[in-house]
Amino acid sequence: NTQVSIALAGNPNSGKTTIFNSVTGARQHVGNYPGVTVEKREGIRRFKDKELLVVDLPGTYSLTAHALDELVARNFIIQDKPDVIVDILDAGNLERNLYLAVQLLELERPMVVALNMADVAEDMGIKINDSLLSQKLGAPVIRTVGNRHTGLDDLLDAAVQAAAEKSQKPFFVNYGPEVEGKISELSALLEQERHNLRYPQRWLALKLLENDSDICKSVQELPGGAQIIKAASAARESLQEVFGTDPEIAIANLRYQAVGELCEEVILAGRSGLLTTS
Ligand code: GDP
Ligand code: K
Ligand code: MG
């Protein structure tokens, strides 16, 4: 298999387009994602014995159904199934960027992490334990300085290798006993529909608990969808009682908390700008 499809994901301004341009050069095509006016940049690159098909996804902070860019990014990953996601992180803003990274990992595609803006992070006195981060995320972590073409060959090597390995075991946020219990319940119901699902079950269960409009609509259309929607709605009510807040907000808070704990371990110096959920 000589073709490897790569989706570049990341927060806005993390350096995606810079890396995309550097990797693909002039061999680019600009169009739109099907049915929407969101710009789609694709490029081709010969790399060693492979042909890389690279897509520059819209920059997002999250993967909700509330924003078109976020829907486009996640639908591309799930429907087009790129062989590997390369998540471009701004190393100077790791915590905010990891908030997206953990959501990308929930889509259960092979992933490689670029710690881009490594120069900026260094100037800011930020010290990151890359190997621990890699170990925690279950994904290779490569330092890059996109605008100086530094680290990009290593990044592509890691991407090609990750695409070939089918057994990456990703990091999952532990959302705590209440939410995890509901995820298990809904996953068991979704398991009966597995032949009709193109999405990872755990991710679907989580989106049902978040009352994600797009996912609720698709699940509704499954043969056994009505029963699952009913169970999801009961689960949300029960979580609403436990947390005293909308389950979507509770889940976002738990995700921020998990990312904060991760940062406590992997950022050795210069950690600042703690995220708030407001
Ligand atoms: P995108 O929104 O993720 O596509 O980000 P861009 O590729 O447009 O990059 C945003 C800005 O960061 C541009 O001015 C780039 O030149 C700059 N940039 C990209 N990578 C790096 C890097 O590693 N270090 C520094 N210092 N600047 C970078
Ligand atoms: K930009
Ligand atoms: Mg861009």
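Residues numbered from 1 in each chain as written. Chains lettered and ligands numbered in written order. Predicted model: local features only at pLDDT ≥ 70, side-chain atom pairs only at ≥ 80, totals over all residues. Heavy atoms only, no water.

As recorded in an unreviewed UniProt entry, the protein chain goes by Ferrous iron transport protein B and comes from Sporomusa sphaeroides DSM 2875.

Counting its regular elements, the protein chain contains eleven helices and nine strands. By the compact-globule yardstick of 19 Å for 278 residues, the protein chain fits well, its C-alpha radius of gyration being 19 Å. Principal-axis analysis of the C-alpha atoms gives the protein chain an extent of 50 × 40 × 35 Å. Within the protein chain, buried positions represent 52% of all 278 residues. Within the protein chain, contacts between residues at least 6 apart in sequence are counted, and of these 69% link residues at least 24 apart. A total of about 12900 Å² of accessible surface is found on the protein chain, and carbon and sulfur atoms cover 47% of it. Computing the positive centroid from 28 side-chain charges and the negative centroid from 38, the protein chain places the two 4 Å apart. (Helix = DSSP H or I, 4+ residues; strand = E, 2+ residues; numbered from the N terminus. Rg over C-alpha atoms; globule rule 2.2 N^0.38 Å. Buried < 20%, exposed > 50% of the residue type's maximum accessible area, 1.4 Å probe, protein only. Contact = heavy atoms within 4.5 Å. Areas by Shrake-Rupley, 256 points an atom, 1.4 Å probe, with all protein chains shown as cover. Lys, Arg positive; Asp, Glu negative; His and termini not counted. Charge placed at Lys NZ, Arg CZ, Asp CG, Glu CD.)

Another aspect to go through is the pairing of strand β5 (residues 84–90). Of all the seven residues making up β5, seven are buried; the element is thus mostly covered by neighbouring parts of the structure. Judged by which residues are buried, β5 turns out to be covered on both faces: Val84, Val86, Ile88 and Asp90 on one side and Ile85, Asp87 and Leu89 on the other are all buried. Pairing of strand β1 (residues 3–10) with β5, which is carried by five bridges, proceeds in the parallel orientation. The residue of β5 that forms the bridge with alanine 9 is aspartate 87. In this fold, β5 hands off to helix α3 (residues 94–105), which returns the chain to strand β6 (residues 111–116); that crossover is right-handed. (Pairing = 2+ DSSP bridges. Right-handed = clockwise from strand over helix to strand, strands pointing away.)

In this model helix α7 (residues 176–191) runs 22 Å from its N-terminal to its C-terminal C-alpha over 16 residues, within 8% of the 22 Å that 1.5 Å per residue would give. On its buried side, α7 packs onto α8 (201–209), α10 (225–243) and α11 (247–266). (Expected span 1.5 Å × (residues − 1).)

We now examine the nonpolar core. Among the nonpolar cores identified, the biggest contains 69 residues, and Leu57, Leu98, Leu137, Val179 and Leu208 are the most heavily contacted of them. Non-local contacts of leucine 98, meaning those with residues more than four positions away in its chain, are made with Leu89, Leu133, Leu137, Val259, Leu262 and Cys263. Core analysis: the next-biggest nonpolar cluster, separate from the first, contains 23 residues, Val4, Ile6, Phe20 and Ala162 among them. (Core = buried A, V, L, I, M, F, W, Y, C linked by side-chain atoms within 4.5 Å.)

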